[in-house]
Amino acid sequence: MARLFVWFSSLGIGLLVSTQLYAKDINTIFSDTYKRFHYVSDDKQYGKDTWVDWSHRIRKNRPFWGDCDDFSVTVYNLLKEEGYNPVLYIVMLPKYSWQFDNNPVYHTVIRVNDKMLDNRYPEPREWSKGIKGSRYTLAVPYYEIAWKKRVISRSQQMRHSTE
């Protein structure tokens, strides 16, 4: 009986170690996505505001084109696959003197394990430093149920994809 317990215990430890070896960390997921991301506005690419999940392209080491929403949705889904609990946030950008209209400018970022993942910066930052350093205001969580309705389907992506 003791041998059986030792064998099961070693099996459990082996599974735990192997899972930890294969799970991607936040920095790897972010950098893999960041180096394949090419900014293009939704108006130019689709003619309207659209959120696209390009995680299938990241898994194949392929580039993708999109805006901050597309980047965030893609990273969000990759993090979820690895077992993290990311939260999408909508932040408001500060007004600059070169902005001629009075409409607020919004940006999408991810918060995971008190880190901010933001396509405007090449590496994850501590959440509070990211908010303060970017002078973001009005950081509001954008819950999964709300944004899933806005993400276009894989077939729609293929029509817009530049394979």
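Residues numbered from 1 in each chain as written. Predicted model: local features only at pLDDT ≥ 70, side-chain atom pairs only at ≥ 80, totals over all residues. Heavy atoms only, no water.

### Brief notes about the layout of surface pockets
Alright, step 1. Reported here for the largest pocket is a volume of approximately 370 Å³.
Alright, step 2. In terms of lining residues, the largest pocket is bounded by 18 residues, among which Tyr 39, Asp 67, Cys 68, Asp 69 and Tyr 106 are the most central.
Alright, step 3. Of all the secondary-structure elements, those providing two or more residues to the lining of the largest pocket are helix H3 (42-45), helix H5 (68-81), strand E3 (87-93) and strand E4 (105-112).
Alright, step 4. Each residue belonging to the lining of the largest pocket can be placed in one class, and the counts come to seven nonpolar, four polar and seven charged. (1 Å grid on protein atoms, 1.4 Å probe; cavity = no way out; pocket = protein on both sides within 12 Å on 5 of 7 lines; lining within 4 Å. Points joined across faces, edges and corners; volume = space filled by probe spheres on them. Helix = DSSP H or I, 4+ residues; strand = E, 2+ residues; numbered from the N terminus. Nonpolar A, V, L, I, M, F, W, Y, C, P; charged D, E, K, R; others polar.)

### Topic: the sheet that holds strand E6 (residues 125-126)
Alright, step 1. Reading across the sheet, the five strands line up as E6-E5-E4-E3-E7 and stay open at both edges, with antiparallel pairing between neighbours. Edge positions in the sheet fall to E6 and strand E7 (137-141), since each has one partner strand and no second.
Alright, step 2. Sheet analysis places strand E5 (residues 115-117) next to E6, joined by two bridges and oriented antiparallel. In the sheet register, Met 116 faces E6, and the bridge partner there is Arg 125.
Alright, step 3. Its contacts with the sheet place H5 against E3, E4 and E5, and it is angled at close to 15° to E4. (Pairing = 2+ DSSP bridges. Contact = heavy atoms within 4.5 Å. Axes fitted to C-alpha atoms, helices over the stretch in contact; angles between N-to-C directions.)

### Brief notes about the nonpolar core
Alright, step 1. By size, the foremost hydrophobic cluster in this structure holds 19 residues, and its most contacted members are Val 75, Leu 79 and Leu 117.
Alright, step 2. Contributing elements (two or more residues each) for this core: helix H2 (26-34), H5 and E4.
Alright, step 3. If one sorts the elements of this core by residue count, H5 sits on top with five residues.
Alright, step 4. When near neighbours in sequence (up to four residues on either side) are disregarded, Val 75 contacts Ile 29, Thr 33, Ile 110 and Leu 117.
Alright, step 5. Counting residues in each nonpolar core, the second largest holds seven residues, with Tyr 89, Val 91, Met 116 and Tyr 136 among its members. (Core = buried A, V, L, I, M, F, W, Y, C linked by side-chain atoms within 4.5 Å. Buried < 20%, exposed > 50% of the residue type's maximum accessible area, 1.4 Å probe, protein only.)

### Points about H2
Alright, step 1. Three or more residues of H2 are buried, namely Ile 26, Ile 29, Phe 30, Asp 32 and Thr 33. In a view along the axis of H2, the buried residues occupy a sector of 165°, so they form one face of it.
Alright, step 2. Those residues of H2 that are buried lie in contact with strand E1 (37-39), helix H4 (55-59), strand E2 (64-66), H5, E4 and E5. (Arc of directions from axis to C-beta.)

### What to know about the packing of aromatic side chains
Alright, step 1. Per the counting criterion, the structure on display carries six aromatic pairs.
Alright, step 2. Ring geometry for Phe 37 against Phe 64: centres 5.4 Å apart, planes inclined by 50°, an arrangement best described as tilted. With Phe 37 in strand E1 and Phe 64 in strand E2, the pair connects residues that are 27 residues apart, well separated along the chain.
Alright, step 3. Overall, Phe 37 belongs to the buried group, its relative accessible area being 12%.
Alright, step 4. When its relative accessible area of 0% is taken as the criterion, Phe 64 is described as buried.
Alright, step 5. Members of the aromatic cluster, joined through ring pairs, are Phe 30, Tyr 34, Phe 37, Phe 64 and Phe 71.
Alright, step 6. Above the face of the Tyr 121 ring, Arg 125 is positioned so that its terminal group lies 3.5 Å from the ring centre. (Phe/Tyr/Trp six-rings, centres within 6.5 Å; stacked < 30°, edge-to-face > 60°. Lys NZ or Arg CZ within 6 Å of the ring centre and 35° of its normal.)

### A short note on a nonpolar patch on the surface
Alright, step 1. Together, Tyr 106, Leu 138 and Val 140 make up a nonpolar patch on the protein surface, roughly 280 Å² of accessible area in all.
Alright, step 2. Among the structural elements, Tyr 106 can be located in strand E4. (Patch = residues over 30% accessible without salt bridge, like charges linked within 9 Å, V, L, I, M, F, W, Y side chains within 5 Å. Areas by Shrake-Rupley, 256 points an atom, 1.4 Å probe, with all protein chains shown as cover. Salt bridge = Lys/Arg side-chain N within 4 Å of Asp/Glu carboxyl O.)

### A word on the pairing of E3
Alright, step 1. Of all the seven residues making up E3, five are buried; the element is thus mostly covered by neighbouring parts of the structure.
Alright, step 2. Pairing of E3 with E4 involves seven bridges; the strand directions are antiparallel. For Ile 90, the partnering residue across the bridge sits in E4 and is Thr 108.
Alright, step 3. Examined bridge by bridge, E3 and E7 share three bridges and lie antiparallel to one another. Bridge pairing in E7 links Ile 90 to Val 140.

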